[in-house]
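# Examining the three-dimensional arrangement
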Amino acid sequence: MKLIVGTRGSALALAQTDSIINLVLEKFPDLEIEKKIIKTKGDKILDKSLDKIGDKGLFVSEIERELLEGTIDFAVHSLKDMPTKMSPGLKLAQTPPRQDPRDVLVINHKHQVRHEDLGKWLRSSQGLKIGTGSKRRTSQLKIINESIQEVMIRGNIGTRLEKLVSQDLDAIVLATAGINRLGLEDLKLYHFSYDEMIPACGQGALAIEVRSNDENMDRIFDFLADEIACMEIEAERTFLEVINGGCHVPVGAIVRKSNDSWILMGMYGKEDCSSIVYGQISFEPSLEDAKRAGRDLAMYLVKSLGNQER
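Below is a short write-up of the structure. (Residues numbered from 1 in each chain as written. Predicted model: local features only at pLDDT ≥ 70, side-chain atom pairs only at ≥ 80, totals over all residues. Heavy atoms only, no water.)

### Side note on the sheet that holds strand E12 (residues 261–269)
With antiparallel pairing, 3 strands are arranged side by side in an open sheet as E11-E12-E13. At either end of the open sheet lies a strand with only one pairing partner, and these are strand E11 (251–258) and strand E13 (276–283). Adjacent strand axes in the sheet meet at a mean angle of 20° when their direction is disregarded. Judged from the 8 bridges that link them, E12 and E13 form a sheet pairing that is antiparallel. Of the residues in E13, the one forming a bridge with Gly269 is Ile276. Sitting on the sheet, helix H6 (residues 135–144) is in contact with E11, E12 and E13, with an inclination near 100° to E13. Where helix H11 (residues 287–308) meets the sheet, it contacts E12 and E13, and its direction lies at approximately 155° from that of E13. (Pairing = 2+ DSSP bridges. Helix = DSSP H or I, 4+ residues; strand = E, 2+ residues; numbered from the N terminus. Axes fitted to C-alpha atoms, helices over the stretch in contact; angles between N-to-C directions. Contact = heavy atoms within 4.5 Å.)

### Considerations on helix H7 (residues 157–166)
Structural remark: α-helix, 3.6 residues per turn; residues separated by three or four positions point the same way. Taken together, the buried positions of H7 are occupied by Ile157, Arg160, Leu161, Lys163 and Leu164. Along the axis of H7, the buried residues cluster in a sector spanning 160°; they form a single face. Opposite the packed face of H7, turned more than 90 degrees from it, sit the exposed residues Glu162, Val165 and Ser166. Against helix H1 (11–27), strand E5 (103–107), H6, strand E8 (171–175) and helix H8 (176–181) lie the buried residues of H7. Backbone geometry just downstream of H7 places Asp168 in the positive-phi region, at approximately 50°. (Buried < 20%, exposed > 50% of the residue type's maximum accessible area, 1.4 Å probe, protein only. Arc of directions from axis to C-beta.)

### Quick look at the packing of aromatic side chains
The geometry of an aromatic ring pair is captured by two quantities: the separation of the ring centres and the angle between the planes. Applying the stated criterion to the full structure yields 3 aromatic pairs. Ring centres 5.9 Å apart and planes at 75° place the aromatic pair Phe28 and Phe223 in the edge-to-face group. Taken together, the residues span a long stretch of sequence, with Phe28 in the loop between H1 and strand E2 (32–37) and Phe223 in the loop between helix H9 (215–221) and helix H10 (227–243) at a distance of 195 residues. Assessed through its relative accessible area of 33%, Phe223 is described here as partly exposed. (Phe/Tyr/Trp six-rings, centres within 6.5 Å; stacked < 30°, edge-to-face > 60°.)

### A closer look at H10
Taking 1.5 Å as the rise per residue, H10 with 17 residues should run 24 Å; its terminal C-alpha atoms sit 25 Å apart, in good agreement. Burial analysis of H10 places 12 of its 17 residues in the buried class, which makes it a mostly covered element. Among the residues of H10, those classed as buried are Ala229, Cys230, Met231, Glu232, Ile233, Ala235, Glu236, Arg237, Thr238, Phe239, Leu240 and Ile243. Against the buried residues of H10 lie strand E4 (90–92), E11, E12, E13 and H11. Residue Asn244 follows H10 closely and has a positive phi angle near 60°. (Expected span 1.5 Å × (residues − 1).)

The structure is reproduced here in structure tokens:
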């Protein structure tokens, strides 16, 4: 049996897709899986920030169209790129094990700073030029050091690493998961704690998208389900859906375990990043309570931001 998987063409997208293909073939060695590279709107427009060209769906719409038309059998995405409301006729399979969700600062090698001093360097240096196209990241960087100058950069990881040098930036912010999946751990890196920078909802997780009525795909992908990842994603994506956040506002959430408790941390802010609110809520380790936590924290932060604006 032959299956066709749709994917974007970046090195990271291909590495993510290959990781899923390899897991499937280990379980079902008689399958044949072919990759089909599909270029999305988000891949084509690189000179504007995401909030200027659309919202969630910029990196998936063209792939979803082919899935609905039947030219591909399933698709692999970064879960943080997925809209919270699925297109009619499509659904997400169970979430496979999640990579490290943290954000990471990649420092220009011109800075001869010892690894143990990178946090102090970030907090105390004046006028650092840091590349990112994310309001979530920019707003939290400004809290760490208000003198930081954001430089808007877009593109795949390779392109952003090139711009780090060609535009003489001091650093850029990326997702740790992408660095790990591409084996780039030898870069000069500073990993943000969740207290410093709350990640995008679903960051580090992969989304396997299939047609809603394709029971055969369900049977193939159910074995990949990771119970903890599924619970984390339920909380974070419910939070995002209720808060109605996308590329236009700074918003993020992450589930972390503290002793025997599960905690959902979230952040939300005004579109111009002038005001940011934070909060957290504990919950029991179940899909139902994770969803409740996402809903309750979102409602709390919306109310908190509204109170600040009065």
